[in-house]
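Descriptive analysis of the structure
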Amino acid sequence: MSVIGGGVFQAIKGFRNAPVGIRHRLRGSANALCSVGGLFSTIDCGLVQLRGKEDPWNSITSGALTGAVLAARSGPLAMMGSAMIGGILLALTEGVGILLTRYMAQQFRNAPPFLEDPSQLSPQDGTPAPQAIPAISSTTEEATATMGAASLFPPR
């Protein structure tokens, strides 16, 4: 989500700041996109390496630092403003991503089981007939007996 939002903004900014001529403007737009994407990715990967974990805080910090670095030529006040905007926008997109993931996980848990055989449908209304869900095996031997050895252990 952030790539699309930031990409559109930077593409327009690069297009407007480029010299006259469609070829120059498209090149300016592409250069702006590459610089933002490269800088954000570099900072994000550096934070993952530095912190040793990958979580939303890396993206939020990367957005703030990218905004600050891109506004560095405009002075410290502009750097702070761009850093705040970058951090806030990334926090919003990360929050939406987390909420969407939780919502989809909830929908997945409530979904009916997938049926491979159409004969398992109820003849009255075409809904899936109730089925017993097999218990999760706790040992390798039970799992092998339940699922078959070929699916768990490929031939060597």
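Computed from a predicted structure; not experimentally measured.

Structurally, Ser-29 is set in helix H2 (residues 22-51). On the accessibility criterion, Ser-29 (11% relative accessible area) is buried. Beyond its immediate stretch of four places on either side in the chain, Ser-29 contacts Ala-11, Gly-14 and Phe-15.

Moving on: the side chain of Asn-58. Assignment of secondary structure puts Asn-58 in helix H3 (residues 56-70). A residue is classified by how much of its surface remains accessible, and Asn-58, at 1% relative accessible area, is buried. Dropping the residues within four chain positions of it, Asn-58 is found in contact with Asp-44, Leu-47, Val-48, Arg-51 and Lys-53.

Helix H4 (residues 76-110) packs onto H3 with a crossing angle of 155 degrees between their chain directions and a minimal axis gap of 7 Å. On the basis of their axis angle, the class for H3 and H4 is roughly antiparallel. As H3 runs across H4, the sense of the crossing is right-handed. Contact with H3, carried on its side by Pro-56, Ser-59, Ile-60, Gly-63, Ala-64, Gly-67 and Ala-68, involves Met-79, Ser-82, Ala-83, Gly-86, Gly-87, Leu-90, Ala-91, Glu-94 and Ile-98 of H4 and no other residues of that element. In terms of residue class, the contact of H3 with H4 is built from nine nonpolar, six polar and one charged.

Next up on the list: the environment of Trp-57. Structurally, the position occupied by Trp-57 is in helix H3. Residue classification places Trp-57 among the exposed residues on the basis of a relative accessible area of 57%. Taking the C-alpha atoms as reference points, Trp-57 and Gly-87, 30 residues apart in sequence, are found 9.6 Å from one another.

Our focus in this paragraph is the UniProt feature "transmembrane region" (unreviewed entry) in the protein. As recorded in UniProt, the sites labelled "transmembrane region" (unreviewed entry) are residues 77-100. Secondary structure content for residues 77-100 is 100% helix and 0% strand, and the end C-alpha separation is 35 Å.

A separate point is the pattern of salt bridges. For the structure shown, the criterion picks out one salt bridge. Arg-51 is the salt-bridge partner of Asp-55, the closest N and O atoms lying 2.7 Å from each other. What makes Asp-55 buried here is its relative accessible area of 19%. Residue classification places Arg-51 among the partly exposed residues on the basis of a relative accessible area of 35%.

Together, Met-84, Ile-85, Ile-88, Leu-89 and Leu-92 line one region of the surface with nonpolar side chains, adding up to about 520 Å² of accessible area. Looking at the element boundaries, Ile-88 is found in helix H4.

Definitions and limits used
Residues numbered from 1 in each chain as written. Predicted model: local features only at pLDDT ≥ 70, side-chain atom pairs only at ≥ 80, totals over all residues. Heavy atoms only, no water. Helix = DSSP H or I, 4+ residues; strand = E, 2+ residues; numbered from the N terminus. Buried < 20%, exposed > 50% of the residue type's maximum accessible area, 1.4 Å probe, protein only. Contact = heavy atoms within 4.5 Å. Axes fitted to C-alpha atoms, helices over the stretch in contact; angles between N-to-C directions. Parallel < 35°, antiparallel > 145°, perpendicular 65-115°, else oblique. Left-handed = near helix turned anticlockwise from the far one by under 90°. Nonpolar A, V, L, I, M, F, W, Y, C, P; charged D, E, K, R; others polar. UniProt positions renumbered as here; feature names shortened; annotations may be inferred. Salt bridge = Lys/Arg side-chain N within 4 Å of Asp/Glu carboxyl O. Patch = residues over 30% accessible without salt bridge, like charges linked within 9 Å, V, L, I, M, F, W, Y side chains within 5 Å. Areas by Shrake-Rupley, 256 points an atom, 1.4 Å probe, with all protein chains shown as cover.

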